Amino acid sequence: MLSDDDIQDYIDGRLDPEAHAAVALELLARRDLAAKVDTLRRQNEALKVVGQEILDEPIPERLRSAVRQAAAAHADAAGERRLAPRLALAAAIALACVAGGLGWFANELLRPRPDVQELIVADVADAFAFYGSQGYPVDFPPERTADFASWIDRSLERQVPRPDLAPFGYDYHGGRLIPAEGVSIGVFQFAGAENDRLVVFFWRAQAAPAQVEELSRRTGIAARFWHDGGLSFAVISNARNPVFDETANAVFSFFKTNLDSG
Amino acid sequence: MAANGNQHAQGQGWQNVAVARRTSEVFPLIEAEIPHLRRFARYVVRDVDRADDLVQECLTRAIAKIHTWTPGTNLRAWLFVILKNCHINVVRRERPSGEMPTDHPMLNVPANQDAHINLLEVRDAYLRLSEEHREVLLLVAIEGLRYEEAAAILKLPLGTVRSRLSRARQALRDALEEPAPMSTITPLSRVAR
């Protein structure tokens, strides 16, 4: 006597050859049941094409880059390859912080083995250096600001409002979340009138990097980094000018005022 | 893959090397699974953008906890577990009581319907099933996962997966015998670009 489980296993190919043959033999003797099983098997075969068109769609770049950026970060963290010159440079840029005022971090030494926090900073700056001139890719254009806010809330487990930098000549161009070192990094991207880019990065962190140093002012990229209320922030731009300093200060003040305590 | 659980036990130094090699090798495999994650997500949340958001969240979490994946096991099933957990979290946030949505507007399928009328009928009928029936059929009949893997993804006992699968198949048969009400058809863009 065939049970329902027997029939399911038969349809799903879970039986060994001997058991499969036994079921087939019994079905030969039971035409009514055989017809039902045949229908279920046809159904099963037809189901295999459900959603095939989704498999055939091009993969959105944001999903590919989510994996590739994480792969690159893992490779660096695991010491599987040496830092590429660009990454080394970018890391140096990212660790550059302007000393003085408003609580920017500034220190005297660059440690030879950066901790996780500093690797995140390196990722952030590397990403900016890579995309900076063309503009950082966004997954959430300005019209999807509400969706992005929801994503930030879910990924960082808190709300992070977006500063309005229009008074400084920067229009908002969208945002995204990128994975790095086991955390999600939020990105707000802005563009100025001269097509200069300013990107605000933020991520959850328990503490600031132990040591941050101003390394260079010759790179053409300006960076500010700080830690406040359970989040770390970086503001990076390819325009080093007084407007950047003023804008970065405004971003700092904005979060100081508008960020809920985490 | 370069390592397995036994090799991990051989010592701390070796373990670190093995894990590093494993993680670097698995990323291309994860990328190759993105289309299947998108299909699963698409049929769960029924919205293209929200489905891709869910996949991105899943990828982020998977990469963050890649050290918990065991080489040699089904990577797709492991990713589906994470995707399903992400979806459950979203549902809980959106519905504090935790209940799952019960309203299932019908989803449409892309054009190119000149041939294989029976296949299209099956697809239409499938899309009219409840979420739990679509899920279990997708995992077992469409993705070809083992019952045990489907049980892990759905957080159900194996016997429940079997019975749910049986009911889903019966529901599909019933749906095939009922014409789809036109009023339930939603725009094509909801599911496929």
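Residues numbered from 1 in each chain as written. Chains lettered and ligands numbered in written order. Predicted model: local features only at pLDDT ≥ 70, side-chain atom pairs only at ≥ 80, totals over all residues.

A separate point is the overall build of chain B. The secondary structure content of chain B amounts to nine helices and zero strands. Ordered by position from N to C terminus, the α and β elements of chain B give α-α-α-α-α-α-α-α-α. A total of 193 residues make up chain B; the buried ones form 39% of that total. Intrachain contacts of chain B at a sequence separation of at least 6 include 64% that bridge at least 24 residues. (Helix = DSSP H or I, 4+ residues; strand = E, 2+ residues; numbered from the N terminus. Buried ≥ 20, exposed ≤ 12 C-beta atoms within 10 Å, placed from the backbone. Contact = placed C-beta atoms within 7 Å.)

What follows concerns the overall build of chain A. Counting its secondary structure elements, chain A contains nine helices and five strands. When the helices and strands of chain A are read in sequence order from the N terminus, they spell out α-α-α-α-α-α-α-α-β-β-β-β-β-α. Expressed as a percentage of the 262 residues in chain A, the buried residues total 36%. Long-range pairs, those at least 24 residues apart, make up 69% of the contacts in chain A between residues at least 6 apart in sequence.

In this section: the packing of helix 1 (residues 4–11) of chain A against helix 9 (residues 158–177) of chain B. Between two packed helices, what matters for the description is the angle formed by their axes and the separation of those axes. Between helix 1 of chain A and helix 9 of chain B, the shortest axis-to-axis distance is 11 Å and the interhelical angle comes to 75°. On the basis of their axis angle, the class for helix 1 of chain A and helix 9 of chain B is roughly perpendicular. In this structure, helix 1 of chain A contributes Asp4(A), Asp5(A) and Gln8(A) to the contact, and helix 9 of chain B contributes Arg162(B), Leu165(B) and Ser166(B). By residue class, the composition of the contact of helix 1 of chain A with helix 9 of chain B is one nonpolar, two polar and three charged. (Axes fitted to C-alpha atoms, helices over the stretch in contact; angles between N-to-C directions. Parallel < 35°, antiparallel > 145°, perpendicular 65-115°, else oblique. Nonpolar A, V, L, I, M, F, W, Y, C, P; charged D, E, K, R; others polar.)

All names here are of chain A. Per-chain confidence: chain A averages 71 in pLDDT, with 66% of residues scoring 70 or above. Predicted confidence is poor over residues 80–116, with pLDDT under 50, and the contacts of this stretch with residues over four places away or in other chains come to 79 contacts. Contacts of residues 210–218 to residues separated by more than four positions or lying in other chains number 27 contacts, the stretch itself having pLDDT below 50. (pLDDT = per-residue confidence, 0-100.)

Another point: the interface of chain B and chain A. Counting residues at the interface gives 40 residues for chain B and 37 residues for chain A. Of all the elements in the fold, those that place two or more residues in the side of chain B that touches chain A are helix 2 (12–32), helix 3 (34–45), helix 4 (48–64), helix 6 (117–127), helix 7 (131–142) and helix 9 of chain B. Ranked by the residues each element gives to the side of chain B that touches chain A, the list is headed by helix 4 of chain B, at nine residues. Here the residues of the side of chain B that touches chain A are counted per class, giving 21 nonpolar, seven polar and 12 charged.

What follows covers the pairing of strand 3 (residues 197–204) of chain A. Residues and elements named next belong to chain A. The buried fraction of strand 3 is high, at seven of eight residues. Pairing of strand 2 (residues 183–191) with strand 3 involves seven bridges; the strand directions are antiparallel. Residue pairing in the sheet places Ile185 in a bridge with Trp203 of strand 3. From the end of strand 2 to the start of strand 3, which pair antiparallel, there are five residues, and Asn195 there has a positive phi angle of about 60°. Bridge analysis of strand 3 against strand 5 (residues 231–237) gives seven bridges, and the strand direction is antiparallel. Bridge pairing in strand 5 places Val200 opposite Val235. (Pairing = 2+ DSSP bridges.)

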